[in-house]
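Tertiary structure, described
Residue-level listing of the chains:
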Amino acid sequence: FDWDATDTGVVLHAATPGLKKEDLSINIVEEAAQRYLVVSGGTNDPANPDSSVRASTTPTQNDSAATAASPCDASNNKANAPTSHLFYAPFEHRMRVSSGVTSECLTAKYEDGVLTVHLTLPKERPPNSETIAIA
């Protein structure tokens, strides 16, 4: 995630290769008297659609055999098949925003695996001065 300040607000660029627009979510939430812009997303392991998270980072018995033999080696068999070390997990990125930020301040585009969010900060209103009548 990269955040860049502009004259009118902030631009977020998030590289999310392999995801579809439907896999991403942009929300404005209030928690503990603070307002946040939340960008989240994720996908399941395509080999196991029922899983919500898959992490394979520890070596398996087949790892040493798979790296020792060339995939083109005629003696290579299923025991030497390559193993997967891909990681599928949801992600979330938060940015605290002012209370005046609404969905009308946001535009988003997803193209070629990059999510771009433009946040236009609301213009600050000059303080109103009022006279209070004394009874």
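The notes below deal with the structure included here.

Reading the values: the criteria
- Residues numbered from 1 in each chain as written.
- Predicted model: local features only at pLDDT ≥ 70, side-chain atom pairs only at ≥ 80, totals over all residues.
- Heavy atoms only, no water.
- Helix = DSSP H or I, 4+ residues; strand = E, 2+ residues; numbered from the N terminus.
- Pairing = 2+ DSSP bridges.
- Axes fitted to C-alpha atoms, helices over the stretch in contact; angles between N-to-C directions.
- Polar contact = N/O pair within 3.5 Å; in protein donor to acceptor, adjacent residues only side chain to side chain.
- Contact = heavy atoms within 4.5 Å.
- Salt bridge = Lys/Arg side-chain N within 4 Å of Asp/Glu carboxyl O.
- Buried < 20%, exposed > 50% of the residue type's maximum accessible area, 1.4 Å probe, protein only.

Some thoughts on the environment of V10
Mapped onto the elements of the fold, V10 is located in strand β2 (residues 9-15). Once the C-alpha coordinates of V10 and T120 are considered, the two residues, 110 residues apart in sequence, prove to be 6.6 Å apart.

Description of the sheet that holds strand β8 (residues 106-111)
Taken in spatial order, the four strands line up as β1-β2-β9-β8 in an open sheet, and their pairing is antiparallel. The sheet is open, and its two borders are formed by β1 (2-5) and β8, each paired with just one other strand. The mean inter-strand angle of the sheet, taken between neighbouring strand axes irrespective of direction, is 15°. Pairing between β2 and strand β9 (residues 114-120): seven bridges, direction antiparallel. By the bridge assignment, A14 is partnered in β9 with L115.

What about unusual backbone geometry?
Excluding glycine, residues mostly have negative phi values, and the peptide bonds linking residues are mostly trans. Here A32, not a glycine, exhibits a phi torsion of approximately 50°, which is positive. On the secondary structure map, A32 appears in the loop between β3 (24-31) and β4 (34-41). Positive phi is not limited to glycine here, since D112 has a value of about 50°. As for its position among the elements, D112 is in the loop between β8 and β9.

Regarding the sheet that holds β3
Within a beta sheet, neighbouring strands are joined by backbone hydrogen bonds and run either parallel or antiparallel to one another. Reading across from one edge, β3-β4-β7 is the order of the three strands in this open sheet, with antiparallel pairing throughout. Of all strands in the sheet, those with a lone pairing partner are β3 and β7 (91-97), marking the two edges. Taking each pair of neighbouring strands and ignoring which way they run, the sheet shows an average axis angle of 25°. The pairing of β4 with β7 spans seven bridges and is antiparallel. Across the sheet, the residue bridging to Y36 is R96, located in β7.

Notes on the side chain of R35
Mapped onto the fold, R35 is located in strand β4. Only 2.8 Å separates the side chain of R35 from the backbone oxygen of V101, close enough to count as a polar contact. Residues contacting R35, with those up to four places away along its chain left out, are I28, V29, E30, M95, R96, V97, S98, S99, V101 and T102.

Thoughts on the pattern of salt bridges
A side chain of one charge can pair with a side chain of the opposite charge when the charged atoms of the two come close. What the rule picks out here adds up to four salt bridges. The residue E31 makes a salt bridge to R94 at a minimum N-O spacing of 3.0 Å. Placement of E31 in strand β3 and of R94 in strand β7 is noted, with a sequence separation of 63 residues between them. Given the relative accessible area of 34%, R94 is considered partly exposed. When the shortest N-O distance is used, the salt bridge between E92 and R94 registers 2.9 Å.

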